[in-house]
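The primary structure of each chain is shown beneath.
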2 protein chains.
Amino acid sequence: MTTMATVARVAGVSVATVSHVLNDTRPVRSATRQAVLEAVDELGYTHNTLARSLVTASTRTIAVAISTVNNPYLTDLLQGIEAEAVASGYTLLFGDPHDDPDHELDVVRTLHQRRVDGVIVAPSARPTELVRYLDRHRVPAVFVDRLVGEGYDQVTAESAEPVARLVDHLAEHGHRRIGMVSGLPGLSTTAERVAGYRQGLWRNRLVDEDLIATGYSEPDGAYGAVSRLLSDETITALVTGNNFMTIGAMRALRDTGRSIPEDIALVSYDDFAWADLFSPRLTAVAQPSRELGVRAVRLLLSRLADPEQQPRTVRLPTTLMHRESCGCRT
Amino acid sequence: MTTMATVARVAGVSVATVSHVLNDTRPVRSATRQAVLEAVDELGYTHNTLARSLVTASTRTIAVAISTVNNPYLTDLLQGIEAEAVASGYTLLFGDPHDDPDHELDVVRTLHQRRVDGVIVAPSARPTELVRYLDRHRVPAVFVDRLVGEGYDQVTAESAEPVARLVDHLAEHGHRRIGMVSGLPGLSTTAERVAGYRQGLWRNRLVDEDLIATGYSEPDGAYGAVSRLLSDETITALVTGNNFMTIGAMRALRDTGRSIPEDIALVSYDDFAWADLFSPRLTAVAQPSRELGVRAVRLLLSRLADPEQQPRTVRLPTTLMHRESCGCRT
DNA sequence: CTGTTAGCGCCTTCAC
DNA sequence: GTGAAGGCGCTAACAG
């Protein structure tokens, strides 16, 4: 591996000069600069970022800890993060916490040891240890998707009101018995969406019994949840708490021979890129996933620029994708 | 930031000892070890991987350069890579080349400057510069999905024969005029899948005219391609070259009022996690996406272990997911 | 079993 | 406009 010293020797200058032309950090006579550049080219020299980071104490790297990247929502989020990070000259270190508090801590610790400048993380359902670690080591961090509490930088989409609107919509269609498939207990998003559901029932003066079943945020869980809910024959509509659970719900409905929306109307929090190819086309609340990622990076960078600034919670609005699974013909 | 020197002072030992207990790299009296560990804990010391890497010349980091991670196929691949990398004690640096030769080179250069131990990359359609760079700097690399030629480590799924089988299947159903929506020109996968299509036609004694239209590997491109192909009213079946193009094809079919498989049969290279919710359920060739990622990491690690070993091309078998869009009732 | 010392490759102050 | 030298935090001989 060729080093700056080699370049310096070949160019007939000192390492200091090489460093300065490479970083454009002090005036260099153009002939000298030329010589250095030629040597670099000839030797195929590449900057050793490690060594530089050691002295500058900055890696221009941000860590991303997000689970189950096969969820298209998280994937779009990741793309947003990537795009914005690169645009600002940052590189991404990536780890998957697998939605498990222990893994989560491991991952973040590993990334932190690599001296990333900051961390973007979608916290698990029990992020206590994680938060403690981040606090103790003063790691600049922003939480995405799920919230961990005031006093931290975090960005997420609106949850409660959009779900309440979904319920409004079903109520307008005359549905009185509306079930909900809720997410993993412990996630802030789960709590908010359930709250939205309850509020929707309330303001439409619908009874609020035990029409909620947890789908644990994933397809199989939702499959089971729907099966349980449907033992109540009076239920005519369902709200699902995220995209994966919508998948499971649709499967359960199909497998029990119920058609959507004729037998059961279905509306979902979270949209799909290909929701228009489903049968029927899905009525859903779309999160601005990519934008969430972009904002997370911006928030992190602004904190890096000013470590003393007040923690902020960014809430982004959602969009209702009005299609057919709710019973409307569009 | 607390350093080893601080720990050493607090523990009343030398930095060497601290280093050795932390790395378990030489026997240390248990009392001494205890003292060190306590100091570490008390100070909340975290290893500075940067400094270590500088001296060991190894980062235990591998770079991943894969485009459009919102493609579920690539996403699964990434998960495979992540899992296997972590299992072997490696961390991932991630960059998105956006399927563009220039970006691609930038990304790989950036990652290489971070002194990753190796690189896993899904090369663009014109990877000449990339390969040159990798060669010149002797960066251990393995190519995934698309091949770049003998002499390099690469892993991909079978392409030609599975597509030929798809054609066989359509032919058995009596289809004589079968169109193909092909991918981005320049990708090895595109060439192979087209070759498989031609071979399928050939061995079924079907005329091979210009029934191929390029969908450029993405939905909108495929939408256009299908529209063009369908101006030929004699076409009764379609083969699509990847998952994104299948999306576009289904949309085009739907928007022109054609139903699948009654009006046009459709079979696809690439499966979807939710292909069973499409209408109709999709008959498709599934790649072992996750396994491809796992194997890519293994190949890379084995090259790191023995830089002199013969370059290998790993081919993984696909699976036919036989559903209904081909015209079969299952 | 433990400590001293010399770098790893670079940036940066301080001289010139 | 340029060079010399110290040090970033750590590992790895080499001594003891």
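Thresholds applied
- By convention here, each chain's residues receive numbers from 1 onward along its written sequence.
- The lettering of chains begins at A and the numbering of ligands begins at 1, in the order of writing.
- In keeping with the model being predicted, local features are shown solely for residues with a pLDDT of at least 70 and side-chain atom pairs are shown and tallied solely at 80 or more, while totals for entire chains, interfaces and linings include all residues.
- Hydrogens and waters are ignored; side-chain quantities use all the structure's heavy atoms.
- Least squares is the method used to superpose the copies, on C-alpha atoms of residues holding a pLDDT of at least 70 in both.
- The contact definition used throughout considers only heavy atoms, calling two residues in contact when any of these lie within 4.5 Å.
- The rule for a residue being near a molecule or strand is that one of its heavy atoms must lie within 4 Å of it.
- Throughout this description, a polar contact denotes any pair of N or O atoms lying within 3.5 Å of each other; where both atoms belong to protein, one of them has to be capable of donating a hydrogen while the other can accept it, and for residues adjacent in sequence the pair is counted only when both atoms sit in side chains.
- Helix and strand definitions here come from DSSP, where helices need a minimum of 4 consecutive H or I residues and strands a minimum of 2 consecutive E residues; each element is numbered from the N-terminal end.
- For every domain, the bounds stem from an assignment made automatically or drawn from a database.
- A helix is expected to span 1.5 Å for every residue after the first.
- Partly exposed residues are those whose accessible area sits between 20% and 50% of the maximum for their type, while under 20% is buried and over 50% is exposed, using a 1.4 Å probe and protein chains only.
- Both site types are read off a 1 Å grid over the protein atoms alone. A 1.4 Å probe that fits but cannot get out defines a cavity, while an open set with protein on both sides within 12 Å along at least five of seven lines defines a pocket; lining residues have an atom within 4 Å of a point.
- Grid points are joined across faces, edges and corners, and a volume is the space filled by probe spheres set on the points.
- When residue character is reported, Ala, Val, Leu, Ile, Met, Phe, Trp, Tyr, Cys and Pro are called nonpolar, Asp, Glu, Lys and Arg charged, and the others, Gly included, polar.

(A) Quick look at the relation of the copies chain A and chain B. Between the two copies, chain A and chain B, the superposition gives an RMSD of 0.1 Å; the rotation angle is 180 degrees and the shift along the axis is 0.0 Å. Accordingly, the operation relating the two chain copies is best matched by a two-fold axis. A shared binding surface is used by both copies, with 100% of the interface residues of chain A retained as interface residues in chain B.

(B) Focus on the protein's contact with DNA strand D. With respect to spatial proximity, 24 residues lie near DNA strand D, and among them A:Thr17, A:Thr32, B:Met4, B:Ser19 and B:Tyr45 are the closest. Sugar plus phosphate: this is where 68% of the atoms of DNA strand D within 4 Å of the protein reside. At 3.0 Å, a backbone N or O of A:Ser14 approaches a phosphate oxygen of DNA strand D. At a separation of 2.4 Å, a phosphate oxygen of DNA strand D approaches a polar side-chain atom of A:Thr32. Secondary-structure elements contributing two or more residues to the surface near DNA strand D are helix H2 (15-23) and helix H4 (49-56) of chain A together with helix H2 (15-23) and helix H4 (49-56) of chain B. Of all the elements, H4(B) adds the most residues to the surface near DNA strand D, at 4 residues.

(C) Region of interest: the domain arrangement of chain A. With domains assigned, chain A is organised as domain 1 (1-45) and domain 2 (160-286). The gap between the C-alpha centroids of domain 1 of chain A and domain 2 of chain A is 63 Å.

(D) Molecular detail of helix H8 (residues 160-172) of chain B. Residues and elements named next belong to chain B. The end-to-end C-alpha distance of H8 is 19 Å, a good match for the 18 Å that 13 residues give at a rise of 1.5 Å each. For H8, the set of buried residues is Pro 162, Val 163, Ala 164, Leu 166, Val 167, Asp 168, His 169, Leu 170 and Ala 171. Those residues of H8 that are buried lie in contact with strand E6 (178-182), helix H9 (188-203), strand E8 (237-240), strand E9 (265-269), strand E10 (283-286) and strand E12 (319-321). Looking one or two residues past H8, Gly 174 carries a phi angle of roughly 95 degrees, positive in sign.

(E) A look at empty space enclosed by the protein. What the rule picks out here adds up to 2 cavities of 30 Å³ or more. Quantified by volume, the largest cavity comes out at close to 180 Å³. Lining the largest cavity are 15 residues, with A:Leu50, A:Leu93, A:Arg114, B:Leu50 and B:Arg114 positioned closest to its centre. The set of elements that each furnish at least two residues to the lining of the largest cavity consists of H4 of chain A together with H4 of chain B. By residue class, the composition of the lining of the largest cavity is 5 nonpolar, 8 polar and 2 charged. Considering only enclosed or pocket space, the second largest cavity measures out at about 40 Å³ in volume. Here the residues of the lining of the second largest cavity sort into 3 nonpolar, 2 polar and 3 charged.

(F) Summary view of the protein's contact with DNA strand C. Contacts to DNA strand C come from 24 residues, most closely from A:Met4, A:Tyr45, B:Thr17, B:Arg29 and B:Thr32. Among the atoms of DNA strand C close to the protein, meaning within 4 Å, 62% are from sugar or phosphate groups. Between DNA strand C and A:Ser19 there is a distance of 2.8 Å, counted from a phosphate oxygen to a side-chain nitrogen or oxygen. In this structure, a phosphate oxygen belonging to DNA strand C sits 3.0 Å away from a side-chain N or O atom of A:His47. Within the residue set of the surface near DNA strand C, elements represented by two or more residues are H2 and H4 of chain A together with H2 and H4 of chain B. Broken down by element, the residue count for the surface near DNA strand C peaks at 4 residues, all from H2(A). By residue class, the composition of the surface near DNA strand C is 11 nonpolar, 9 polar and 4 charged.

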